[in-house]
Amino acid sequence: MPPRKRAASSVYKDTEPNTGEDVASAPATKRQRQRRSVLGEKHNLNVAVSTAESEGLKIKQGPEGQVSSLKRSSTTKTADKGTKPSSQDDVLPPPAKRRTRCTLGEKENADANVNTTGSTDVQGSRKKRATKKAQGTGPKPQYKDNKAEVSGKDTASNVDGSETQHAISEHTESVSPKSQSIGDQVIALLSLLQPPKKCSISPGASADEIGEALTKDDLWSPALLELFRESAVTSLSLSKFRSDIYNSFSPPLLSVFFKQDTFIQLEVLDFTNLPLGQDDIALLRLLPKLRDLNLSNTGIDNHALHHLVCHRHTLQRLHIGSNPSITDDARVPLAALTSLTHLYLDGTSFSLPSLRWLVIEFQSRPFPHPTEDDPLPGRIFCRLCSIPAPCLDYLNRTAGNAISIPNEHPYISNPEDVANLQVPALKKNLELHAVRDKSISISGSKLELMYRLKEILETRINDQRLRRAMIGPEEAGGRVE
């Protein structure tokens, strides 16, 4: 039987040429896969050759019939009009022009080479500007000066809008404290006021006398206070400070004291009726010899008193009356002032228990360190020169109603002896105190009776200490005035 011929078009069918089976239905062997690849390459070659011949390309084949190159035929016209074909065939297709990045200078050079007309001048100017910018010699941008819009007015004159204050500040900066005496400088500054002010200052007056004269005539101002920075003034009373200048002056008033080596001799400072901020007191911490400070009716609170602890070794007299914001919490910074000898608390919100606690802290102070003048110093006693009105009324009411405790058994006056008493003795002591105070109860357990009697005796002792702190260490009782 003759062998079966192979179908020529079996390469393009989906069946195997020998068996006629569907390729997708039966798995292909290794030899079948190799045969398909060879036939596929030949088919692609035939398609490429036919396409090249139709476009007029010259085909050059290799030793095994493979296409090595495709070149344009010499008889084919070139793409450029009016040009002859070159002797050598151009390779097709032409390579695409690759886009690359270039610097600003390269781009300008390329534009200058292409554009040989008037555009070269523009490119040249660009190059010059780029060169000047790189060297830093080009024109600099002009910025608007904000200070030029002030129109000749400084900060002090803009605050209150008056030329008088501006003139005073200029005069204060120009005059040196060493060139003239304080009296001459004060007179010169007062003459600049509108209307001019006069102050009765004697020719050889000291700094303290000049300060008293300014306080008497109500002439204090920030510029005048600056003149006393390096003087030997020991006392300043700013209670009559000029409110019109003070309210229009932007820096805090006490900032003049917050400078090194200024007011080194100042001991007495009075700010009565002058409104102060809560942090203004912190500006006084550089005063090395502050001994007497009056902050009555200044609007301060407990927070301001914490800034006074740095003066605990020098501060002896403190006035904080007429400040309702000062409450019982102020007893902690006040107890830390170990050198305090006089304290004024009228018009504050202190309660009676806080005053008792404060007196106990004052009396339990440690002894100060010995010095050459006082080798055996005693404990510093602090006197409460004034207290709130409700506390004063209580002390006056209970001073004449105090019970005199008999010096016989089972009556006691020491709270530590309460633990040694039995129930009948406890009731007897309570009955004695109930004669003046009807609210004292005599019934209850032994523990309740002990606690009640101990509290009464401790209050009695603390009230006596409070009276002694107000009147003085020499007297122990009597009516408080």
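Residues numbered from 1 in each chain as written. Predicted model: local features only at pLDDT ≥ 70, side-chain atom pairs only at ≥ 80, totals over all residues. Heavy atoms only, no water.

**Concerning unusual backbone geometry**
Most of the time, phi is negative for any residue but glycine, and the peptide bond is trans.
Alright, step 1. With an omega of 10°, the peptide bond running from His409 to Pro410 counts as cis.
Alright, step 2. The residue Pro410 is located in the loop between α13 (389-399) and α14 (423-433) in this model.
Alright, step 3. The backbone of Asp218 sits at a positive phi, close to 55°, despite the residue not being glycine.
Alright, step 4. Mapped onto the secondary structure, Asp218 falls in the loop between α7 (207-216) and α8 (222-226).
Alright, step 5. You will see that Asp261, though not glycine, has its phi angle at about 60°, which is positive.
Alright, step 6. Within the fold, Asp261 resides in the loop between α9 (243-248) and β4 (268-270).
Alright, step 7. By relative accessible area, Asp261 is classed as exposed at 66%. (Helix = DSSP H or I, 4+ residues; strand = E, 2+ residues; numbered from the N terminus. Buried < 20%, exposed > 50% of the residue type's maximum accessible area, 1.4 Å probe, protein only.)

**Examining the sheet that holds strand β3 (residues 235-237)**
Alright, step 1. In space, the 6 strands of this open sheet follow the order β3-β4-β5-β6-β7-β8, with parallel pairing throughout. The outermost strands of the open sheet, each flanked by one partner alone, are β3 and β8 (383-386). Neighbour-to-neighbour, the strand axes of the sheet open up by a mean angle of 10°, direction not taken into account.
Alright, step 2. Pairing between β4 and strand β5 (residues 292-294): 3 bridges, direction parallel. Bridging across to β5, Leu269 finds its partner in Leu293. (Pairing = 2+ DSSP bridges. Axes fitted to C-alpha atoms, helices over the stretch in contact; angles between N-to-C directions.)

**A word on α13**
Alright, step 1. Along α13, the residues classified as buried are Cys391, Leu395 and Asn396. Summarising the axial view, the buried residues of α13 lie within an arc of 135°, below the 170-degree limit, and thus occupy one face. (Arc of directions from axis to C-beta.)

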